[in-house]
Amino acid sequence: MTKVIQIKDLVKHYYVGDIVVPAIQHIDIEIGQGEFVSIMGASGSGKSTLMNIIGCLDEPTEGQYFLDGEDVAKMTKNQYADVRNRKIGFVFQNFNLLPRTTALENVELPILYDRSGTNKNSKALAKEALIQVGLGDRMDHVPNQLSGGQKQRVALARALVNSPSILLADEPTGNLDSRTSIDMMKLFQKLNSRGITIIVVTHEHDIASYTSRTIFLRDGRIIKDRLQQAKQAALIPEKDMSDPAEEVV
Amino acid sequence: MKLLRIEKVALSSIFRNRSRSLLTSLGIIIGVCSVIVMVAVGEGSQKKIETDISSMGTNLLMIRPGSSSYQGVRGGAGSRESLTMDDCETLREQATLVQAISPSVSTYAQIIGGSGNWNCKVEGVSPEYLEIRNFEIEQGTMFTEKDIASRKKVAVIGKTIEEELFPSGNAVGQKLRINNTPFTIIGVLAEKGNNSMGMDQDDFVLAPSMTVLYRLKGGKYGSYVNMIYVSAVSDDVIDEAEVELTTILLRAHKIDFEDDADFTIRSQSEITDFATSTASTLTLLLGAIAGVSLIVGGIGIMNIMLVSVTERTREIGIRISVGARTNDVLLQFLAEAITLSLIGGILGLLFAMIITMILSKLTSLTPMINPAIAFIAFIFSGAVGIFFGYYPAKKASELNPIDALHYE
């Protein structure tokens, strides 16, 4: 299996005034193409920090991070931006959608910043992504008019619109009820089955059980890294015909 | 990202945040508008005073007798009988920088004619008076040098006299009795309106100088005149003309020193200088008030921009996290700020034009928009808008995307 993510001896410190707060202490991880990984741990265990570093939103203090075999530390700021734009899709716990902006325009955003040169029809692509997450009928709604689950699906559509090879989700179900959470995991499983590498940060065992590998963090160190048989989210009874996951091809 | 796309993003951001955009532009609108209007009003009144004064006459110089002194009792300005018809002739012969000269022999008289009677000033002048004082004949004709020589009893009346005594407008050819001496009206002057001091410039009767001197004032005190009006050949030589007139008159009156002169000369430019200095003080005052409102407008823009920084910092975090480069974000914010400032500036200019138009319709002011001031106001509020729109964005774009996303 090709290693899409290779992390070697990673250290991240935060500085609060003169005090050094170690968030991650000497972590090594390898994640292969097409894996569905969950990262678990209590608050303050460094899981979000690790996720931000993997997502190129934050830089490590020490250690190396290879993305597709490329040393991220050697990238320029603009290359960094392009990685965030095309290679990685990021879903946040608090959605981070632009306020007063329609779902369609929110999803369009990454296409506007795509410099790969191809003259994409951003509207059509954004529509396609929204249909993919089951929000074809909510395109012109602004975030205020959407429920938590719908907002998270808009965020997911935004993460997917540039067809990234890696999808990162930081507590994607943290603000959702359990039913919507399972829908979300079902969407993730479908995406994973199509070859996208997915990493989910969560503190719920239930959510982690839908993934095929779980990494446990405590105080910035890996304490356990195990493979497991993923629970099939499809086992949940589907009575609701408008169930978004059903529309996933 | 192409510039067009950036402008598109900026525009959609402006329209999405309508209230913020409106408030920002409002600061610029008020700043630009108030500066332009106030300076326009100031300069308009200055200009009005200048035209009022120039309506007194063309390159006008006024020679008046000095004050009298008899047995220790001094009369006021102009009370001395030192200027005569002969002085007038001397000046006419000798002065080179002078275009036209007219004596003025005046008296207040009760005039009877048409529908009633009226008391006004009767001024004995020469035909050049019209040219010197910028009067025009509306009906009939002006009297001639021949009429002066023959002391003919003809009169040209001001517009006010026509309105008072001949409201039906057929004054020319009618009889007018001035202090019981019958005159024939041969002309009516065109209306000139009030002067800058608010005095009616049309409430008088003109008659040949010799006629007034001998038939109304009786000529018993000699050929003394109350004033000599002179028009210099051009406004560049008014000062030189004044010197020349002084020299000629001093010689004619056999006076050696200018300090002993029995006459005074005032030029129109002195009056203009005095009046415009008042008006420019007004312009300065209005300009200062306008400057303050420009600064207040600038502070308004600054406040709105700074208040929205929290929200905008998160927005920048979101944009960067989905792959915007620093330059994309900076250009977008710059484009937004420039667009808002431009819209605000243009609207401000537009409002200023509308307000000045309304002002000139509703009031006697004639505000004049000064393009330089409009430009300065435009640039200043634009600069404030752009700086406070761009600077917070610059700071936010330098943040780590995660810090920007979590900015409180």
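Residues numbered from 1 in each chain as written. Chains lettered and ligands numbered in written order. Predicted model: local features only at pLDDT ≥ 70, side-chain atom pairs only at ≥ 80, totals over all residues.

### What about the overall build of chain B?
Alright, step 1. When you go through chain B residue by residue, the secondary structure sums to 13 helices and 12 strands.
Alright, step 2. In chain B, once contacts between residues fewer than 6 apart in sequence are set aside, the share between residues at least 24 apart is 80%. (Helix = DSSP H or I, 4+ residues; strand = E, 2+ residues; numbered from the N terminus. Contact = placed C-beta atoms within 7 Å.)

### Observations concerning the overall build of chain A
Alright, step 1. Across its full length, chain A carries 7 helices and 10 strands.
Alright, step 2. Radius of gyration (C-alpha) of chain A: 18 Å, near the 18 Å computed for a compact globule of 249 residues.
Alright, step 3. In terms of its C-alpha atoms, chain A occupies a principal-axis envelope of roughly 50 × 40 × 40 Å.
Alright, step 4. For chain A, with 249 residues in total, the buried portion stands at 47%. (Rg over C-alpha atoms; globule rule 2.2 N^0.38 Å. Buried ≥ 20, exposed ≤ 12 C-beta atoms within 10 Å, placed from the backbone.)

### Some words on the packing of helix α10 (residues 309-321) of chain B against helix α12 (residues 371-397) of chain B
All names here are of chain B.
Alright, step 1. Packing of α10 against α12 brings their axes to within 9 Å, and their N-to-C directions diverge by 45°. Classed by the angle they form, the pair α10 and α12 counts as oblique. Seen along the crossing, α10 lies across α12 with a hand that is right-handed. Along the contact surface, α10 presents Val309, Arg312, Thr313 and Ile316, while α12 presents Pro392, Ala393, Ala396 and Ser397.
Alright, step 2. Residues that form the contact of α10 with α12 fall into these classes: 5 nonpolar, 2 polar and 1 charged. (Axes fitted to C-alpha atoms, helices over the stretch in contact; angles between N-to-C directions. Parallel < 35°, antiparallel > 145°, perpendicular 65-115°, else oblique. Left-handed = near helix turned anticlockwise from the far one by under 90°. Nonpolar A, V, L, I, M, F, W, Y, C, P; charged D, E, K, R; others polar.)

### Re the sheet that holds strand β2 (residues 19-32) of chain A
For sheets, the rule is that strands pair by backbone hydrogen bonds, running either parallel or antiparallel.
Residue and element names in this part refer to chain A.
Alright, step 1. Across the sheet, 4 strands lie side by side as β2-β1-β4-β5; this open sheet has antiparallel pairing. Edge positions in the sheet fall to β2 and β5 (70-71), since each of these pairs with one other strand and no more.
Alright, step 2. Looking at chain direction, strand β1 (residues 3-16) and strand β4 (residues 62-67) are connected through 5 bridges and run antiparallel. Across the sheet, residue isoleucine 7 finds its bridge partner in β4, namely tyrosine 65. (Pairing = 2+ DSSP bridges.)

### Overview of the domain arrangement of chain B
Alright, step 1. According to the domain assignment, chain B contains domain 1 (3-52 + 276-405) and domain 2 (99-229).
Alright, step 2. Summarising the inter-unit geometry, the C-alpha centres of domain 1 of chain B and domain 2 of chain B are found 58 Å apart. (Domains from an automatic or database assignment.)

### Regarding helix α9 (residues 268-307) of chain B
Residues and elements named next belong to chain B.
Alright, step 1. Here α9 contains 40 residues, and its C-alpha end-to-end distance of 57 Å stays within 8% of the 58 Å for a straight helix at 1.5 Å per residue.
Alright, step 2. Turning to α9, its buried residues number three or more, namely Gln268, Thr283, Leu286, Ala290, Leu294, Gly297, Gly298, Ile301, Ile304 and Met305.
Alright, step 3. At its buried positions, α9 is contacted by α2 (18-54), β1 (60-65), β12 (263-267) and α12. (Expected span 1.5 Å × (residues − 1).)

### Regarding the sheet that holds strand β7 (residues 166-170) of chain A
Residue and element names in this part refer to chain A.
Alright, step 1. Strand order in the open sheet made by the 6 strands is β6-β7-β8-β3-β9-β10, with mixed pairing throughout. Two strands bound the open sheet, and with one partner strand each, they are β6 (88-91) and β10 (221-227). Each strand axis lies, on average, 15° off the axis of its neighbour in the sheet, ignoring direction.
Alright, step 2. Note: β7 against strand β8 (residues 197-202), 5 bridges, orientation parallel. Residue pairing in the sheet places leucine 168 in a bridge with isoleucine 199 of β8.
Alright, step 3. Most of the contacts of helix α5 (residues 148-160) go to β6, to which it runs at about 170°, and overall it touches β6 and β7.

### Digging into the nonpolar core
Alright, step 1. Counting residues in each nonpolar core, the largest one holds 86 residues, and the members touching the most others are Ile39(A), Val107(A), Leu130(A), Ala157(A) and Leu168(A).
Alright, step 2. Excluding residues that lie within four positions of it along the chain, Ala157(A) makes contacts with Val107(A), Ala129(A), Leu130(A), Gln132(A), Val133(A) and Leu135(A).
Alright, step 3. Judged by nonpolar contacts, the second largest core, of 53 residues, contains Cys88(B), Val188(B), Met210(B) and Val225(B). (Core = buried A, V, L, I, M, F, W, Y, C linked by C-beta atoms within 7 Å.)

### With respect to the environment of Ser231(B)
Alright, step 1. Positionally, Ser231(B) belongs in strand β11 (residues 227-232).
Alright, step 2. Sequence-wise, Ser231(B) and Pro392(B) are 161 residues apart; in three dimensions their C-alpha atoms are separated by 65 Å.

### Observations regarding unusual backbone geometry
Alright, step 1. Residue Asn96(A) is not a glycine yet carries a positive backbone phi of 50°.
Alright, step 2. Structurally, Asn96(A) is set in the loop between β6 and α3 (103-112).
Alright, step 3. Judged by the 20 C-beta atoms lying within 10 Å of it, Asn96(A) is buried.
Alright, step 4. Despite not being glycine, Lys254(B) has its phi angle at roughly 55°, a positive value.
Alright, step 5. The residue Lys254(B) is located in the loop between α8 (238-252) and β12 in this model.
Alright, step 6. Taking the number of C-beta atoms within 10 Å as the measure of exposure, Lys254(B) has 6 and is therefore exposed.

### Some thoughts on the interface of chain A and chain B
Alright, step 1. Taken together, the contact pairs 20 residues of chain A with 19 residues of chain B.
Alright, step 2. Mapped by element, the contributors of at least two residues to the side of chain A that touches chain B are α2 (77-87) and α3 of chain A.
Alright, step 3. With 7 residues, the top contributor of residues to the side of chain A that touches chain B is α2(A).

### Quick notes on α10(B)
Alright, step 1. In a regular helix each residue adds 1.5 Å, so 13 residues correspond to 18 Å; α10(B) covers 18 Å between its end C-alpha atoms and thus fits that length.
Alright, step 2. The buried fraction of α10(B) is high, at 10 of 13 residues.
Alright, step 3. Considered for burial, the residues of α10(B) that qualify are Arg312(B), Thr313(B), Arg314(B), Glu315(B), Ile316(B), Gly317(B), Ile318(B), Arg319(B), Ile320(B) and Ser321(B).
Alright, step 4. In this structure, the buried residues of α10(B) make contact with α2, β6 and α3 of chain A together with α11 (326-362), α12 and α13 (401-405) of chain B.
Alright, step 5. Phi for Gly323(B), located one or two positions after α10(B), is positive at around 110°.

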